[in-house]
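Each chain, written out:
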Amino acid sequence: MADEDDIALEDEAGEARTATVEAAAKTRFDKLVAEAFPDISRSRLKALIEAGAVAVDGTVITDASRKIAGNLALTVVVPPAEDAEPQGEDIPLEVVYEDDELIVIDKPAGLVVHPAAGNWTGTLVNALIAHCGDSLSGIGGVRRPGIVHRLDKDTTGLMVVAKTDRSHAGLAAQFADHGRTGPLERGYLALVWGSPEPFRGTIDAPLGRSSSDRTKMAIVKGGGGKEAITHYEVAERFPAESGRGAIASLVECHLETGRTHQIRVHLTAAGHPLIGDAVYGAHFLTKANRLPEAVGAVVRAFPRQALHAFLIAFEHPVTGELLRFTSELPPDMSALVEAFGEL
C-alpha cells in the first residue's frame, strides 16, 4: 500500500490544525507530529495518521514510522467527537474530586470498569459518559473517558480518569512510569489469611497468564512474564498479639508496577491469599469453619476479595499540582475487619 497521496486534506469532517516544524535530521513522522501537537495523545495521532488525516506540505502521509527531514508545514484534521459506544447510563458515582481535566471516583464493589464480553452495560465507563457529558473530549474519535488504570470488578477504592486528550496522555505517562521517577503512588489495604513474614518486605515476581487457566494470572519463572513488584507492610494482626501465629492480617500494599491481579497473585504465592478471593484463595475458605461461629459466619458471607484501593497520588497533568486522595474502608470490608478484631 502506498504511504502517501498527492492530495490536499479536506477539513469538512473536522477541525484543520496547522503547525510548522524543523527537522535537521530524518525523524519519525509520528514523533514530529506529536511534538507539533502536544495536546493530542500519541495514540490518537497515530490513528489519525493511519486514517489519512495528517499531511506534510499538502501531501497526506499514512506511514507513522516514515522518516522525514526539513522545514515542514504540518496539517492535521481532528474529526469531531462522535456519539460514544457504549452509551451513558445514569449510574450513581461517588466523586472525590473533579475539574475540567480529570475526575477521581471511589469505586464500589461489583462495578466493572470498562465494557467487555459479558458486561457491555452497567460499567464505570457508562456511568462516566453520563456524568461528564459534553465535558469529555473526543479521545480516539469518540466521546469517552480516558481510562489509564483499572480496578477489578470486586475491588473497591480510588480511581483517576482523564476527561481530555492532554490529561489522558499526561496521566498515562505517569502510570507507565509506575511512580519510579514521579509522584504517582497507589496504596491498597488487603485482609489476608495468616501473617506475612517478614513484617515488611517486597515481592518481586513476574506475572503472566496461567498455563493451566487463561482466565487467571500466575507467577512466571524462567522468562516470559512481565515485571511485577509489590511492597507490603503488615498493619494489624488478628488476634492482635498473635505474631507469626495470626489467623489473619490487614496488609498495606504499594504497587511499583500495575499488573492484572498483582496483589492477589503475589500474596497468594506468599501463602497469604486474600480473604474472600474465590479465584486464588478458594482452598483457604475451610479456615472459616475453624473460627468462632460469629466470625466464621461473617467470613463465609463476604462475597468478594478483601481489597480496597485506599490511596492515590499523582501530579495534575495540566497544572502540575500534586494531588493526593485517601478513602476509608467500605462498610462490608470494615465489618469484616471488625469481626476479626473480636478474636
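This one's a predicted model, so the numbers in the text were calculated from it and none came from an experiment. (Residues numbered from 1 in each chain as written. Predicted model: local features only at pLDDT ≥ 70, side-chain atom pairs only at ≥ 80, totals over all residues. Heavy atoms only, no water.)

Right, let's get into the overall build of the chain. Looking only at helices and strands, the chain has seven helices and 17 strands in total. In terms of its C-alpha atoms, the chain occupies a principal-axis envelope of roughly 80 × 45 × 40 Å. By the burial criterion, 46% of the 343 residues in the chain qualify as buried. Here the analysis covers contacts within the chain between residues at least 6 apart in sequence; of these, 69% occur between residues at least 24 apart. Carbon and sulfur atoms form 49% of the exposed surface of the chain, whose accessible area is close to 16600 Å². (Helix = DSSP H or I, 4+ residues; strand = E, 2+ residues; numbered from the N terminus. Buried < 20%, exposed > 50% of the residue type's maximum accessible area, 1.4 Å probe, protein only. Contact = heavy atoms within 4.5 Å. Areas by Shrake-Rupley, 256 points an atom, 1.4 Å probe, with all protein chains shown as cover.)

Here strand β11 (residues 200–204) runs beside strand β14 (residues 229–238); their pairing, made up of five bridges, is antiparallel. Within β14, the residue paired with R200 across the bridge is E233. (Pairing = 2+ DSSP bridges.)

Aromatic ring pairs: the centre-centre distance and the angle between the two ring planes describe each pair. One pass over the structure, following the stated rule, counts four aromatic pairs. Seen from their ring centres, F238 and F340 are 6.1 Å apart, and the 35° between their planes marks the pair as tilted. With F238 in strand β14 and F340 in helix α7 (residues 331–341), this residue pair connects regions lying 102 residues apart in the sequence. Assigned by exposure class, F238 and F340 land together as buried. Taking the centre distance of 6.3 Å and the plane angle of 35° together, the rings of F314 and F325 count as tilted. (Phe/Tyr/Trp six-rings, centres within 6.5 Å; stacked < 30°, edge-to-face > 60°.)

Our focus in this paragraph is the nonpolar core. Core analysis: the biggest nonpolar cluster contains 28 residues, and L124, Y188, C253, I263, L267 and L274 have the highest contact counts within it. Mapped by element, the contributors of at least two residues to this core are β7 (102–107), α3 (124–132), β9 (156–162), β10 (185–193), β14, β15 (248–255), α5 (262–269) and β16 (307–315). At five residues, the largest contribution of residues to this core is made by α3. If we skip the residues at most four places from it in the chain, Y188 touches L151, V251, E252, C253, L255, I263, L307, H308, A309 and F310. (Core = buried A, V, L, I, M, F, W, Y, C linked by side-chain atoms within 4.5 Å.)

Here we come to the side chain of N126. Within the secondary structure layout, N126 lies in helix α3. N126 sits in the buried class, given a relative accessible area of 0%. Once you skip the residues sitting within four places of it in the chain, N126 turns out to touch P86, Q87, G88, E89, I91, P115, W120 and T121.

Of all residues in the chain, 92% have pLDDT values of 70 or greater, and the mean over the chain is 88. Predicted confidence is poor over residues 1–13, with pLDDT under 50, and the contacts of this stretch with residues over four places away or in other chains come to 30 contacts. (pLDDT = per-residue confidence, 0-100.)

Looking now at the environment of S249. Position of S249 relative to the elements: it lies in strand β15. Sequence separation between S249 and D154 is 95 residues, and the spatial gap between their C-alpha atoms is 20 Å. In contact with S249, not counting residues within four places along its chain, are A190, L191, V192, G194, S195, P196, V234, E236, R237 and F238.

On to the pairing of strand β17 (residues 322–326). Because side chains alternate across β17, one face comprises the buried residues L323 and F325, and the other comprises L322, R324 and T326, none of which is buried. Pairing analysis gives five bridges linking β16 to β17, with the strands arranged antiparallel. Bridge pairing links F314 to L323 in β17.

Those residues of helix α2 (residues 42–50) that fall on the buried side of the exposure criterion are R44, L45, L48 and I49. Mapping the buried residues of α2 onto a view down its axis gives an arc of 140°, with all of them on the same face. Where the residues of α2 are buried, they touch α1 (29–36), β3 (54–56), β4 (59–61), β5 (67–78) and α4 (165–177). Phi turns positive one or two residues past the end of α2, at G52, with a value near 80°. (Arc of directions from axis to C-beta.)

The first and last C-alpha atoms of α4 sit 19 Å apart over 13 residues, in line with the 18 Å expected at 1.5 Å per residue. Burial in α4 covers these residues: D165, S167, H168, L171, Q174 and F175. Each element contacted by the buried residues of α4 is listed here: α2, β8 (146–147), β9, β10 and β16. Immediately downstream of α4, the backbone of H178 shows phi near 60°, a positive value. (Expected span 1.5 Å × (residues − 1).)

Further remarks concern the packing of α1 against α2. The N-to-C vectors of α1 and α2 enclose an angle of 120°; their axes lie 10 Å apart at closest approach. Judged by the inter-axis angle, α1 sits oblique to α2. For the pair α1 and α2, the crossing hand works out as right-handed. In this structure, α1 contributes F29, D30, K31, V33 and A34 to the contact, and α2 contributes R42, L45 and I49. For the contact of α1 with α2, the per-class residue count stands at five nonpolar, no polar and three charged. (Axes fitted to C-alpha atoms, helices over the stretch in contact; angles between N-to-C directions. Parallel < 35°, antiparallel > 145°, perpendicular 65-115°, else oblique. Left-handed = near helix turned anticlockwise from the far one by under 90°. Nonpolar A, V, L, I, M, F, W, Y, C, P; charged D, E, K, R; others polar.)

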